[in-house]
Amino acid sequence: MKVITTSITTLPAKLVGGLFITLSIASSCSDPSTLGLDLDPNNNQIGVFYTEIPLSASMVLLDSFITTNAGSMVVGGLNDDFFGKTEGIGFSRLAISPTGIRPDENAVLDSVKFNFQVETVIGDDLSTPKTLSVHLLNERILDTIYYNYDRLDFEPEPIATGSFNFSASQDTIVSVPMESGFSQFIFDELKKGDAFRDVFTFRNLISGIAFQGNTEENTSTSIRVGNGTGIVVYYKNEGDTVSRGYSITTAQSRHFNFVNSDRSGTPTAVISQPGQSYDVGNRVGIKSNVGLVMKIDTSPIDAFLDTLQNVTFNEITMEIGPVGNHVATNRPPLSMLMYFTDETNSFLSNSMGRLLTVQQDGQAQLLSDENGGLEPATDIPAYMGYNSNINTYRQRMTSYMNAVYRQGLQRNDLLLTPAAPPQQGSGDIFKKSFRGFTVDQNNIKLKIYYSKIRAF
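Residues numbered from 1 in each chain as written. Predicted model: local features only at pLDDT ≥ 70, side-chain atom pairs only at ≥ 80, totals over all residues. Heavy atoms only, no water.

Chemist: Can you lay out the nonpolar core for me, pointing to particular residues and giving the numbers?
Modeler: Of all hydrophobic cores here, the largest spans 57 residues; its most connected members are Met294, Phe313, Ile320 and Leu446. Take this core: its biggest share by element is 5 residues, from strand S18 (residues 311-320). Dropping the residues within four chain positions of it, phenylalanine 313 is found in contact with Phe304, Leu305, Leu308, Thr398, Met401, Asn402, Tyr405, Arg406, Ile448, Tyr449 and Tyr450. Residues Met73, Val118, Val121 and Val225 belong to the second largest nonpolar core, which totals 37 residues. (Core = buried A, V, L, I, M, F, W, Y, C linked by side-chain atoms within 4.5 Å. Buried < 20%, exposed > 50% of the residue type's maximum accessible area, 1.4 Å probe, protein only. Helix = DSSP H or I, 4+ residues; strand = E, 2+ residues; numbered from the N terminus. Contact = heavy atoms within 4.5 Å.)

Chemist: If you had to explain the environment of alanine 168 to someone new, which residues and values would you point to?
Modeler: Checked against the element boundaries, alanine 168 lands in the loop between strand S8 (160-164) and strand S9 (172-177). The exposure class assigned to alanine 168 is exposed, which follows from its relative accessible area of 79%. Spatially, the C-alpha atom of alanine 168 lies 8.6 Å from that of leucine 126, the residues being 42 residues apart in sequence.

Chemist: Could you give an account of the packing of aromatic side chains, naming the residues involved and the relevant values?
Modeler: Using the criterion set out here, one finds 22 aromatic pairs in the structure. Ring geometry for phenylalanine 91 versus phenylalanine 256: centroids 4.9 Å apart, planes at 15 degrees, classification stacked. Of the two residues, phenylalanine 91 is situated in strand S5 (residues 84-92) and phenylalanine 256 in strand S14 (residues 255-262); the sequence distance between them amounts to 165 residues. Under the relative-accessibility criterion, phenylalanine 91 is labelled buried at 0%. (Phe/Tyr/Trp six-rings, centres within 6.5 Å; stacked < 30°, edge-to-face > 60°.)

Chemist: Outline helix H5 (residues 398-406), listing residues and values.
Modeler: Owing to its 3.6 residues per turn, the α-helix aligns residues three or four sequence positions apart on the same side. Buried residues of H5: Thr398, Ser399, Tyr400, Met401, Ala403 and Val404, and no others. Directly after H5, the chain includes glycine 408, whose backbone phi takes a positive value near 85 degrees.

Chemist: Account for the side chain of glutamate 319, with residues named and values stated.
Modeler: As for its placement among the helices and strands, glutamate 319 is situated in strand S18. Relative accessible area serves as the criterion here: at 10%, glutamate 319 is assigned to the buried category. Within polar-contact distance, the side chain of glutamate 319 engages the side chain of arginine 394 at 2.7 Å. In this structure glutamate 319 touches Thr392, Tyr393, Arg394, Asn443, Ile444, Lys445 and Lys447, once residues within four positions along its chain are discounted. (Polar contact = N/O pair within 3.5 Å; in protein donor to acceptor, adjacent residues only side chain to side chain.)

Chemist: Tell me about the environment of tyrosine 405, residues and numbers included.
Modeler: Mapped onto the fold, tyrosine 405 is located in helix H5. C-alpha of tyrosine 405 to C-alpha of valine 311: the two residues are 94 residues apart in sequence and 9.7 Å apart in space. Tyrosine 405 has contacts with Leu305, Leu308, Gln309, Asn310, Val311 and Phe313, leaving out every residue within four places of it along the chain. A distance of 3.3 Å separates a polar atom in the side chain of tyrosine 405 from the backbone nitrogen of asparagine 310.

In structure tokens, the structure reads:
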């Protein structure tokens, strides 16, 4: 481990003045070499030091995870030389309103359209049209738990397909006419009404639908499940001057996401078993919705702390980046959570079953339990944020390091996973896109400012 330490000297004047300068330096994130302080260290009563601790990372494949009712489905695929080929297919039931007004016996069909409520579109080039298609299922979606490896059989020919330009907007609703044969079929059934008495009789007519994208287009689309995604039948009753609409949507419908990750021929091809950490070389990364995360080896922290006596940590920042190339429509996840882990490569939890994470800077890292002992806090997790201007993740870790150094918080390795800050209300984004990134291991480090006070 190569640790770079720089002494930043302060004025040998009054202690109060020295403390003021120390705190001024500590509040700055500038490179210490630019601070211009070059005084006699032998006369210095208060010293501020800067250290960089390089950290290394391995990669872990999480165990299969539940994709049932995540709120959205990720379809399409992304291909690259590190993660390989990633494909997503969405599956959903359809819902009707039994009390909805159906067409009269002599009604005339106008059109049938399928609407996609798109949340996000991820890709390097969105200026060319991207394809979405809908297919009828050949088997039912059951009242069971579905995982990312589950998929159902569906018709190869779509009942609706279209290509859309998402270069201007990725959060939008797009619509496509449905195949003419299906349009007439659903309209005739709607007029008869036998299959529309309730949702159970309707499922005898249509078991559900599958959503696909074109994996060759190197784009993934997150489609929101709800009133905005589904079929709309437009018709006119006798005497109508404007069309009426009957909606068959995915609102409150059971759904799940199949994800296929083919890593053959890439550095990540060695990753095969969940729960094991893999050395994939100098380049590591994270991939959402696949279960590939980074494990940060924090053991160099112990070696560093063993060299210290009676120091004050002024500011500590974990920095990851710059990360791999990106464009505005294919940026890395907005933020990451830092979970505690150990040699099991699993998420650690407290006595209440709550997962343990680094807590926000300035917040307590340890709390008293019901027996008066101390255990890690869990209520205010820190989110390592991505700064697109410098293409880097950063998070202040001062409170965490103080808890390890002074309060007996056990130092653990960290599992980094994509996450959304709670104020965004976007749910579990780990299952809502194929966003990811890679980073050179030389660009993972702790940047530490700390002070030593010598006795007079």
